[in-house]
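# Working through the structure, step by step
Listed here are the chains, written in short residue letters.
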Amino acid sequence: MKLLLKGARVIDPSQKMDTQMDILVEEGKISSCGTSIKAPPGAQVINLVNMIAVPGLIDMHVHLREPGLEYKETIATGSAAAVAGGFTSIACMPNTEPVHDNRSITEFVLRKAAEANLARVYPIGAISVGSEGKQMTEFWDLKEAGVIALSDDGKPVMDAALMRRAMEYAGSLDLPVIQHCEDINLSAGGLMNEGYWSTITGLPGIPSIAEEAIVGRDVLIAEYTQTRIHIAHASTAGSVRLIRDAKMRGLKVTAETAPHYFTLTDECLQDYDTSYKVNPPLRSAADVAAIKEGLTDGTIDAIASDHAPHARTDKEVEFAYAANGISGLETSLGLSLNLVHDGILTWEKLINAMSCNPARILNLNKGTLKKGSDADITVIDPEQGWTVDVKTFVSRGKNSPFSGRKMKGRAVMTIVAGDIKYDGRA
Amino acid sequence: MKLAKKDILGIQEMTVDEINLILETAESFLEISTREIKKVPTLRGKSIINLFYEASTRTRTSFEIAGKRLSADTINISASTSSVVKGETLIDTARNLEAMNPDIIVLRHSAAGAPHLLASLVRQSIINAGDGAHEHPSQALLDMMTIREKKGRLAGLKVAIIGDILHSRVARSNIYGLSKMGAQVVVAGPATMMPRNIEQMGIKACTKLEDAITDADVVMMLRIQLEREKQNIFPSLREYARHYCLNRRNIKLAKPDAIVMHPGPMNRGVEISPDVADDPACSVILDQVNNGVAVRMALLYLLSGGNE
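In this report, we go over the structure that sits alongside the text. (Residues numbered from 1 in each chain as written. Chains lettered and ligands numbered in written order. Predicted model: local features only at pLDDT ≥ 70, side-chain atom pairs only at ≥ 80, totals over all residues. Heavy atoms only, no water.)

## Quick look at the overall build of chain A
Inclusion rule: The way it works is that DSSP assigns letters per residue, a run of H or I at least four long becomes a helix, a run of E at least two long becomes a strand, and they are numbered from the N terminus. C-alpha atoms define the radius of gyration in this analysis, and the globule rule sets the expected value at 2.2 Å times the number of residues to the power 0.38. Each residue is placed in one exposure class: buried if its accessible area under a 1.4 Å probe, protein chains only, is under 20% of its type's maximum, exposed if it is over 50%, and partly exposed if it falls in between. It only takes one pair of heavy atoms within 4.5 Å for two residues to be counted as in contact. Residue exposure ignores everything except the shown protein chains as possible cover, and the areas themselves are Shrake-Rupley values with a 1.4 Å probe.
Check the secondary structure of chain A and you find 13 helices and 18 strands. By the compact-globule yardstick of 22 Å for 426 residues, chain A fits well, its C-alpha radius of gyration being 20 Å. In terms of overall dimensions, chain A has a C-alpha envelope of 65 × 45 × 45 Å along the principal axes. Sorting the 426 residues of chain A into buried and exposed places 63% on the buried side. Intrachain contacts of chain A at a sequence separation of at least 6 include 74% that bridge at least 24 residues. Accessible surface, chain A as shown: approximately 15300 Å² in total, 51% of it carbon and sulfur.

Given below as structure tokens:
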């Protein structure tokens, strides 16, 4: 199968490329990029004038819920949501039921992903058995089975000694360790960010220091052991400062944030709308400003949706009992494009944050349109106006506070290994 | 004037006119409770469900008596929150109750925001009888009624609220109400019991009881929840009582004609000494209870379309 994409503005930060050109795809690979490429016999020619073609977007933090919680999402529905949102690759967290802490689950996830045959699915294995924070999983075996990173996401690794050992052992295997930073003693019982708005709502607060205490601790461990740490869903000004300082000292610290942390504040919680309930919680306006600064100056490497699909029954309850999370795969790019519209990020930085950097952090040979690389391409219509409507979500999770929000720009075509997995052109 | 509200969820969203209307209506109802036959036919044929997910004697009884004095049929449902977690959801309970066509549902719930959820789902009027640490509007209204009864006004008064402000819905509702009515509110308690950024609510906050009650017209003591000791909110009841108990000695700092209030139930000797609590010269604690029935009668009446 041959594909000739004609006339798109091609933005590929991996090659410092931002020009209008054609891309020829042959046998699932990029065979050439250039001006006025002639269509070889049998090639499908697609006119992409006024469109932007970028290295396939990678969402390095999603929850696919399978095995065990298929009523929320499956690997098939989650990968369908991924390609509909413009993502060619996703990395899925291990907090399934059972927890993904052994290779039989890795094999299961990869088999289901292959059956779905939509986005590439990269499994993240648990750091500890059952994510209980006690006994290390078999990192080596997990890696051989196809796990690309380790995390107990949803829970932090509270035991500093276990974290140290995990980072050392994983470091020797070049497996990234991803920490959900939350000191559970500081956050105990909390339901929203601690601040003026928790005082108003009377909801128990989660202080910013609950996140920052673990960011700080893990930066110290990374420095002491000379290993890598990746900070998941950074949400506070203090976290940004700690990560920036660590990077300035040359430590191997990387970080991601999620679109809701640069879009929404804790003021949104004033009506107890559970669609805004996430963990870490929505923070103050000052935190949101710091997250944007961190994206602009590169302190925060990646934007990941923390796609957390839930069923209505998980959210249509009292705020205290509602599940945390936003179904984010289908709004992540639209919300992130606002950063470009608002001058927070250049296109180059946006594509770095949503493709090149996640690939680098996860050691994936992705995030590039270089000749010979896998033809994973996302085509974006930067001008298309649309309105978020959860009823049209491909994901089973319709839990989004962004429903009804007006957006500008969306993915119109998602190509994985040269196959068009999603075509949403008007 | 008519109360143009479907629900009473909090004082935060009430106007000064609405508060005045409720207080004046309550004052006119006071007399009913002094009659030999304490019943008027005003709400005959109306049904009121008291749905209490949290233990309460005073508030539930007060709402029940208020309904009965107005001839409404009152039904009490006590449910434990644990049964919510494992069994029927609040939403299903609400829809089932809605299908039985009551007129008003009075909800007490340990989760802040639960009455808002209920109000968004059912067509009946909802009265928040206390939701988590959020609001307890009928308590603040009866407190304001009592202050006005004793002081003749609310504007310009200094009101000190002492205790666990962090976990107190009574404090929040009173802060909104008293501030709207022109009183000056000062809160005091250990720093561990002070909500973050509380001053942004337009009030003063301090950590010493003495600083707060000096020259106060009203001293409102909050109940200390004994189980908070285990959460390291304070070291011991002994230490708390030594520094935050209102007693004969420190009350002298307040104005000579200051009144003392408590939403109950009291921990005698912890946040309030018995000789202050029982002193008829300053304690208005039982007047609060009496006014509570009148305020709840007013809320039930006004939400049923009274004053149309």
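Now that the structure has been shown, the text picks up again.
## Details of helix α7 (residues 169-180) of chain B
All names here are of chain B. This is how the line gets drawn: By this rule, a helix spans an expected 1.5 Å times one less than how many residues it contains. Each polar contact in these results corresponds to two N or O atoms within 3.5 Å; when the atoms are within protein, one needs to be able to donate a hydrogen and the other to accept it, and residues that are neighboring in sequence are counted only if both atoms are side-chain atoms.
Here α7 contains twelve residues, and its C-alpha end-to-end distance of 17 Å stays within 8% of the 16 Å for a straight helix at 1.5 Å per residue. Most of α7 sits inside the fold, with ten of its twelve residues counted as buried. Burial in α7 covers these residues: Arg169, Val170, Ala171, Arg172, Ser173, Asn174, Ile175, Tyr176, Gly177 and Leu178. Its side-chain oxygen placed 3.3 Å from the backbone nitrogen of valine 170, serine 168 serves as the N-cap of α7. Just downstream of α7, glycine 182 is the residue with a positive phi angle, here 90°.

## Some thoughts on the pairing of strand β16 (residues 377-387) of chain A
Residue and element names in this part refer to chain A. For clarity, the threshold we go by: When DSSP finds two or more bridges between a pair of strands, those strands are recorded as paired.
The buried count for β16 comes to eight of eleven residues, which makes it a mostly enclosed element. When strand β5 (residues 52-55) meets β16, the two strands line up antiparallel, connected through four bridges. Within the sheet, the bridge partner assigned to alanine 53 lies in β16 and is valine 379.

## Brief notes about the sheet that holds strand β8 (residues 218-221) of chain B
What links the strands of a sheet is backbone hydrogen bonding, and the strands pair in either a parallel or an antiparallel sense. Residues and elements named next belong to chain B. Short version of the rule: Where helices are involved, their axes are fitted lines through C-alpha atoms of the stretch in contact, as for all axes, and angles between N-to-C directions lie from 0 to 180°.
Strand order in the open sheet formed by five strands is β7-β6-β5-β8-β9, and the pairing between neighbours is parallel. Of all strands in the sheet, those bounded by a partner on one side alone are β7 (204-206) and β9 (259-261). When the angles between neighbouring strand axes are averaged without regard to direction, this sheet yields 20°. Sheet topology places strand β6 (residues 184-188) next to β7; three bridges connect them, and they run parallel. Note on β7: the bridge partner recorded for valine 186 is lysine 204. Strand contacts of helix α6 (residues 137-151): β8 and β9, with the helix running at about 165° to β9, the strand carrying the most contacts.

## Let's talk about the pairing of strand β3 (residues 104-109) of chain B
Residues and elements named next belong to chain B. Using the following cut-off: Seen with its strands pointing away from the viewer, a crossover is right-handed when the path leading from the first strand over the helix to the second is clockwise.
Burial analysis of β3 places six of its six residues in the buried class, the great majority of the element. Of the two faces of β3, both are covered, the one formed by Ile104, Val106 and Arg108 as well as the one formed by Ile105, Leu107 and His109. Bridge count for strand β1 (residues 47-52) against β3 is five bridges, and the pairing is parallel. Each bridged residue has a counterpart across the sheet, and for phenylalanine 52 the counterpart in β3 is arginine 108. As paired strands, β3 and strand β4 (residues 125-131) are joined by five bridges and run parallel to one another. Bridge pairing in β4 places isoleucine 104 opposite serine 125. Between β3 and its parallel partner β4, the chain crosses via helix α5 (residues 114-121), and the hand of that crossover is right-handed.

## A word on the nonpolar core
The condition is simple: Definition used in this section: a nonpolar core is a set of buried Ala, Val, Leu, Ile, Met, Phe, Trp, Tyr and Cys residues joined via side-chain atoms within 4.5 Å.
Counting 87 residues, the largest nonpolar core has Ile127, Leu141, Ile161 and Val187 of chain B as its most contacted members. Per-element accounting of this core gives the leading share, ten residues, to helix α11 (residues 285-303) of chain B. Excluding its chain neighbours within four sequence positions, the residues that come into contact with valine 187 of chain B are Ile161, Ile165, Ile175, Met194, Ile198, Ile203, Lys204, Ala205 and Cys206 of chain B. Residues Ile52, Ala119, Phe262 and Ile351 of chain A belong to the second largest nonpolar core, which totals 38 residues.

## Digging into the interface of chain A and chain B
This is how the line gets drawn: Here the buried area means the combined drop in accessible surface, using a 1.4 Å probe, for two parts upon being joined, counting both sides. Basic side-chain nitrogens of Lys or Arg form a salt bridge, by our definition, when they fall within 4 Å of a carboxyl oxygen of Asp or Glu. Residues are sorted three ways: Asp, Glu, Lys and Arg are charged, Ala, Val, Leu, Ile, Met, Phe, Trp, Tyr, Cys and Pro are nonpolar, and all the rest, Gly among them, are polar.
Residue-level contacts link 16 residues of chain A with 25 residues of chain B. Summing the contributions of chain A and of chain B, the shared interface buries around 1500 Å²; its carbon and sulfur component is 62%. Contact with chain B buries surface across chain A, with Tyr196, Thr199 and Glu318 of chain A losing the most and accounting together for 37% of the total. Scanning the region where chain A abuts chain B turns up zero salt bridges. Summed over the shared surface of chain A and chain B, the number is five residue pairs in polar contact (both at pLDDT 80 or more). Of the residues in the side of chain A that touches chain B, the class split is eight nonpolar, five polar and three charged.

## Things to note about the sheet that holds strand β10 (residues 177-179) of chain A
All names here are of chain A. Across the sheet, which stays open at both edges, the eight strands sit in the order β6-β7-β8-β9-β10-β13-β14-β15 with parallel pairing between neighbours. Both edges of this open sheet fall to β6 (57-62) and β15 (302-303), since each of them pairs with a single strand only. Inspection of the sheet shows strand β8 (residues 120-125) paired to strand β9 (residues 149-151) by two bridges, in the parallel sense. Across the sheet, residue glycine 125 finds its bridge partner in β9, namely leucine 150. Along the sheet, helix α13 (residues 347-361) contacts β6, β7 (87-92), β13 (229-231), β14 (253-257) and β15; its crossing angle with β6, the most-contacted strand, is approximately 65°.

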